[in-house]
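Spelled out, the chains give:
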Amino acid sequence: MHMENATSLIPFIDLTSLNTQDDYTSITALIQKANKGFHKLYPAAVCTYPKYTHQLEALRPEIKKCVVSTYFPSSQAPLQLKLQEIDFLNQTNIDEIDIVLSVGEFLSGNHLEVSQELLAIRKKTTKTIKLILETGILDSKKNIQLAAQIGMDTGMDFLKTSTGKTPIGATINAVSYLAETISKTQSKTIGLKIAGGIRTPQQAISFITAIEKYLGPAFTHPATFRIGASSLYDTLIHPNND
């Protein structure tokens, strides 16, 4: 990706607030920040908890409305409850849903159960689904690529590195493993979202370089590439603040 300046990253950012202390006021401020943009550049999406779906209606039409779901960030709930949450979101105008892989089941070797759960979620909704793999917990190349393949095979629209709630978020190695896996698919284009600890333009660009090694520069488009990094957004719109 060749950028004239770092603000070119803005249209790839999912501006996010997923805090325990979030409330009506904080989400309103987040939406206002997104709608204001920066020099007519706007984030790709605003992402928050399902409680705030109604507030997201206030976003500019070009900004996607996104929420986390299926018992983010742990995914530790019965499938029946996860599907109820998807049913709720189907009644809203949300565009995108970020869900979390059942990491415990995956690491226990219950890959068929993980696949069946994702298929059930996929069949419940036509909305864009980003599957969070928690690559920092999966750790190995084998695990990351197998989880990515399961995600692609079950119809996920994006693969995402991390919830941002674990000690290890996105790493160059993990992102490279995901990009390599996506490059080998013969199906529809799978998107990639990097999230977890990305705070500087230099970090973001280094991830993009790693991704484009496998997927080429055309992949770096908001339809297939996102950055979950709200602190990066603040850095870009206030470049002189350290």
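Looking at an unreviewed UniProt entry, the chain carries the name Deoxyribose-phosphate aldolase, with the source organism given as Putridiphycobacter roseus. Under the Pathway (unreviewed entry) heading, UniProt states for the chain: "Carbohydrate degradation; 2-deoxy-D-ribose 1-phosphate degradation; D-glyceraldehyde 3-phosphate and acetaldehyde from 2-deoxy-alpha-D-ribose 1-phosphate: step 2/2."

**Re the packing of helix α2 (residues 79-90) against helix α4 (residues 111-124)**
Relative placement of two packed helices is described by the angle separating their axes and the distance separating the axes. Between α2 and α4, the least distance of the axes is 10 Å, while the angle of their chain directions is 20 degrees. On the basis of their axis angle, the class for α2 and α4 is roughly parallel. Regarding α2 and α4, the two cross each other, and that crossing is right-handed. Residue-level contacts link Leu79, Lys82, Leu83, Ile86, Asp87 and Asn90 of α2 to Glu117, Ala120, Ile121 and Lys124 of α4.

**Here we look at the pattern of salt bridges**
Inspection of the entire model under this criterion finds 16 salt bridges. The partner of arginine 226 in a salt bridge is aspartate 14, and the shortest N-O contact between them spans 3.0 Å. One end of the pair, arginine 226, is in strand β8 (residues 225-228); the other, aspartate 14, is in strand β1 (residues 14-16), with 212 residues separating them in the sequence. For arginine 226, a relative accessible area of 4% translates into the label buried. Arginine 122 is the partner of aspartate 157 in a salt bridge, and the nearest nitrogen-oxygen pair spans 2.8 Å. Highlighted residues: aspartate 157 in the loop between α6 (141-153) and β6 (158-160) and arginine 122 in helix α4, separated in sequence by 35 residues. Summarising the burial analysis for this pair, aspartate 157 and arginine 122 share the class buried. Within the structure, one salt-bridge network assembled from shared partners comprises Asp14, Glu96, Asp98, Lys130, Lys160, Lys193 and Arg226.

Procedures and definitions
Residues numbered from 1 in each chain as written. Predicted model: local features only at pLDDT ≥ 70, side-chain atom pairs only at ≥ 80, totals over all residues. Heavy atoms only, no water. UniProt positions renumbered as here; feature names shortened; annotations may be inferred. Axes fitted to C-alpha atoms, helices over the stretch in contact; angles between N-to-C directions. Helix = DSSP H or I, 4+ residues; strand = E, 2+ residues; numbered from the N terminus. Parallel < 35°, antiparallel > 145°, perpendicular 65-115°, else oblique. Left-handed = near helix turned anticlockwise from the far one by under 90°. Contact = heavy atoms within 4.5 Å. Salt bridge = Lys/Arg side-chain N within 4 Å of Asp/Glu carboxyl O. Buried < 20%, exposed > 50% of the residue type's maximum accessible area, 1.4 Å probe, protein only.

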